[in-house]
Amino acid sequence: MTALNLLYTDIEDDLRATLRDLLADLCTPAAVSAVYDGDRSLVAPLWKAVAADLGLAGLLVPEALGGAGASAREAAVVLEELGRASAPVPFLTSAVVATMLLLNAGDDLLPAVASGERTAALAIPLSTAPHALLAAVATDSQQRLTGVVTSVAGAAEADTLLVPASTADRIALYAVPVASASVAPVVSLDMTRQLADVTLDYAQGRLVLADAEPAIRAALRAAAALLASEQLGVSRWCLETTVAYLKERRQFGRPVGGFQALKHRLADLYTGIESAAAAARYAAAALAAGDLDLPVAASVAKAFCGDLAVLAAEEAIQLHGGIGMTWEYPAHLYLKRAKADQLALGTPAEHRAQLAELVDLTMRAPGA
Amino acid sequence: MALAQNDPAGELRRHVAAFLATHDPATMERLSFLRARYDAGLAWVAFPSGHGGLGLPGALQPDLDRLFAEAGAPDNNPRANIIGLGMAAPTILAFGTAEQKERYLRPLWTGEEIWCQLFSEPGAGSDLANVATRAVRDGDEWVVNGQKVWTSSAHTARFAILVARTDPDLPKHAGLTYFLCDMADPGVDVRPLRQITGEAEFNEVFLTDVRIPDAQRLGPEGGGWKVANATLNNERVAIGAAAVRESGIVGLVASTWREHPELRNTELHARLLKLWVEAEVARLTGQRLRQKLALGQPGPEGSAMKLTFARLSQQLTGLELELLGEEGLRYSDWTMVQPETVDFAGHDAGYRYLRAKGNSIEGGTSEILRNIIAERVLGLPAEPRVDKHRPWRELAR
Ligand SMILES: Cc1cc2nc3c(=O)[nH]c(=O)nc-3n(C[C@H](O)[C@H](O)[C@H](O)COP(=O)(O)OP(=O)(O)OC[C@H]3O[C@@H](n4cnc5c(N)ncnc54)[C@H](O)[C@@H]3O)c2cc1C
């Protein structure tokens, strides 16, 4: 078994540089902050620039189907940068989750989603862990769907919803145009990944996958594996920004960053982030390679990076002092994103519980 | 009878019963009732008689408040005047003149006059002794100019406790003086500052030629550092004064656990129980601290209490969101409002999580509190200081 590459390739570095430039121009903290006050004018143009102009919506789609033919490794780098900028775009929900489902089904919608012309979202609560019970609406004999799915990420930006629905003995996946559904945005802890409640009332669906549960779980697992990279990006912003601030900020006649108590805190955070980078890269590489260790890799990464990003954001606020508690300073955007990411796609506790099964560390006696 | 003297709780109960026999909370107007309660010495038990108290042990305060609550009496809405009750009042009691105590303490306790704290500045946070706001004497008055920041409830306050520099030629700690500032002065300009919760709980306060009569100086000229430290020590003791088991944040998280069996898992269970034990021990530590402090002003020991309180409130609110899962991803409202109180229980778990981040910053950061414990309690050597003995005017900023 050769070890997976946990570093960044030159191509990945170039991709990062291009995206970082674009985000520095378009995705300013002030514009991001405005989404909390209901001004979402940043979202559509930014998503167009990322999805269509840079072509990142089709990253995971083979070239023959109109995509870039890249892998989960590049998608992970994109998520690192989107996390670092706290960017409010539906990349994870459309370009990762929905795209993987459409790929799995060989669905005709794929080229339009890959080009960024269309945006899709899986109608499932954002909190759903890959191994958890799946929410599904009801369906009738004419493929009409009825039910409510709460706290769906990416629905407000989508034109197509992929809706899990219960059939006699399994879960099927249907495509529903948002126009046939009622999508009610909800005030969210992280407004850069705003949730919506989706209500379907005899909405006409189009069958995408008849037996969709394995595909849905695989897509959620991929999303969990890659969200770790977003969490890494969030953590890096927090560390870099805090280090820069503490080099400048003076109290007691000297730069506050010179106090050993703070140096040790930041050194610990750096250590944690280097570990998070290893975990996140491993999950992305395992996903890209179709490695059998993916379930372990994804849960390790989601559990570790989820907690680490929250710690990084909490340290950023604390070490900035009063200014960290203000709306004006961007640290809060990262705290909210980090905390919501920790709860998304299964909490660290849920992933650790899942790992207990995967690596044979349950509470049950052997043979029980 | 000797027994009565050794039974302050019984004495207190008798006082309250006698008071309630002649003051019916059901029929009396709220403010008259509160003023009468103050005049009867049943406001803050540890204060001397004549100033709202009976000189009884401070540990009896929760009993006192409970007796009144059980009688259906109105309270003084303490959450709207946290700084007044927890910080300004004990400082005025310790350092005020007879006139100052007479003028300020009663309306402060009844809530007729809300107080705020004009200490921090852009350049003076952890390093409070670095304040640059200047107070210059002009006859019987002081003329004050400067900028304060992070001032909680400046928008509701009638008065402020203020630290200003009266002599820039002295070393930084020696040139400070403490004042009671009238927030209604036309030179006081309060501008809201929004917090990460969405609310504007604190403010920037610009002071332009604010005139403060010398009679509103608290303590001697140049004695501001000592008075300010008394305020801060009181603040740190006032924080986390939970009297009853599961009061405060741990109680809120415990209810969430009890009400939502479907959310439970073994890891969160273990973490909740660990924090529950720590919160219970913190409650007992607070009780013990208040018994120790029954006499006199609190010293630096209260820092440990505040340190624990901040850590627990942050860990518990973080855990609550993890427990809530999907519900924790939702938030009540980001609209900017200027609240009159800081109320953890009246908001959702997301607000609690965000607001609790301030607990380890306000009133002295947890890092500064650790320094205080290490240096002032344990007597470990202090950091080398370049700024302590030179005239404040000459320090690099
Ligand atoms: C919610 C809230 C309400 C507040 N209300 C009020 C109020 O009503 N009135 C008022 O006057 N002030 C108020 N404050 C201000 C508060 O007292 C200051 O924010 C606090 O003292 C820290 O100062 P600073 O913000 O300048 O941070 P800084 O002093 O710049 O600190 C930045 C970081 O450096 C650390 N640090 C600084 N010095 C050292 C050291 N020597 N060793 C190790 N670490 C160090 C700090 O702990 C912090 O993590 C409030 C603050 C908050 C967050």
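What you see is a predicted model, and the numbers here were worked out from it, not measured in a lab.

### Observations concerning the interface of chain A and chain B
Where interface size is given, it is often the accessible area lost as the parts come together that is meant. Between chain A and chain B, the residue contacts involve 46 residues of the former and 49 residues of the latter. Surface buried jointly by chain A and chain B totals about 3900 Å² across both partners, of which 60% is contributed by carbon and sulfur atoms. Between lysine 357 of chain B and glutamate 314 of chain A there is a salt bridge whose closest N-O contact spans 3.6 Å. Across the contact surface, chain A and chain B share 24 residue pairs in polar contact (both at pLDDT 80 or more). Counting residues per element, the ones that place at least two in the side of chain A that touches chain B are β3 (144-153), β7 (195-204), α8 (260-289), α9 (294-320), α10 (331-343) and α11 (348-358) of chain A. Top contributing element to the side of chain A that touches chain B by residue count: α10 of chain A, with seven residues.

### Describing the pattern of salt bridges
Inspection of the entire model under this criterion finds 55 salt bridges over all chains. Here arginine 254 of chain A and glutamate 383 of chain B are joined by a salt bridge, their closest N and O atoms 3.4 Å apart. Of this pair, arginine 254 of chain A sits in strand β10 (residues 254-255) while glutamate 383 of chain B sits in the segment after α12 (366-377), placing the two residues on different chains. On the accessibility criterion, glutamate 383 of chain B (32% relative accessible area) is partly exposed. Its salt-bridge partner being arginine 37 of chain B, residue aspartate 65 of chain B comes within 3.1 Å of it at the nearest N-O pair. Here aspartate 65 of chain B is found in helix α4 (residues 61-70), whereas its partner arginine 37 of chain B is found in helix α3 (residues 30-39), with 28 residues between them in sequence.

### Description of the UniProt feature "domain: Acyl-CoA dehydrogenase/oxidase N-terminal" (unreviewed entry) in chain A
As annotated in UniProt, the feature "domain: Acyl-CoA dehydrogenase/oxidase N-terminal" (unreviewed entry) corresponds to residues 11-108 of chain A in the numbering used here. The span residues 11-108 of chain A carries 62% helix and 0% strand; its end-to-end C-alpha distance comes to 29 Å.

### A word on α8 of chain A
Given 3.6 residues to a turn, an α-helix orients residues that are three or four positions apart in the same direction. For α8 of chain A, which comprises 30 residues, the first-to-last C-alpha distance of 43 Å matches the rise-based estimate of 44 Å (1.5 Å per residue) to within 8%. Immediately beyond the C-terminal end of α8 of chain A, within one or two residues, lies glycine 290 of chain A, with a positive phi of roughly 60°.

### Regarding the UniProt feature "domain: Acyl-CoA dehydrogenase/oxidase C-terminal" (unreviewed entry) in chain A
Listed under "domain: Acyl-CoA dehydrogenase/oxidase C-terminal" (unreviewed entry) in the UniProt record, and renumbered for this structure, are residues 216-357 of chain A. Secondary structure across residues 216-357 of chain A comprises 80% helix and 3% strand; the distance between its end C-alpha atoms is 20 Å.

### Describing the packing of aromatic side chains
Working definition: an aromatic ring pair is given by the centre-to-centre distance plus the angle between the planes. All names here are of chain A. If you walk through the whole model with that rule in mind, you get 19 aromatic pairs over all chains. When the ring of phenylalanine 252 is compared with that of phenylalanine 259, the centres are 6.0 Å apart and the planes differ by 90°; the resulting orientation is edge-to-face. For phenylalanine 252, a relative accessible area of 15% gives the class buried. Exposure remark for phenylalanine 259: the relative accessible area of 13% places this residue in the buried category.

Conventions adopted
Residues numbered from 1 in each chain as written. Chains lettered and ligands numbered in written order. Predicted model: local features only at pLDDT ≥ 70, side-chain atom pairs only at ≥ 80, totals over all residues. Heavy atoms only, no water. Contact = heavy atoms within 4.5 Å. Buried area = accessible area lost by both parts, 1.4 Å probe. Salt bridge = Lys/Arg side-chain N within 4 Å of Asp/Glu carboxyl O. Polar contact = N/O pair within 3.5 Å; in protein donor to acceptor, adjacent residues only side chain to side chain. Helix = DSSP H or I, 4+ residues; strand = E, 2+ residues; numbered from the N terminus. Buried < 20%, exposed > 50% of the residue type's maximum accessible area, 1.4 Å probe, protein only. UniProt positions renumbered as here; feature names shortened; annotations may be inferred. Expected span 1.5 Å × (residues − 1). Phe/Tyr/Trp six-rings, centres within 6.5 Å; stacked < 30°, edge-to-face > 60°.

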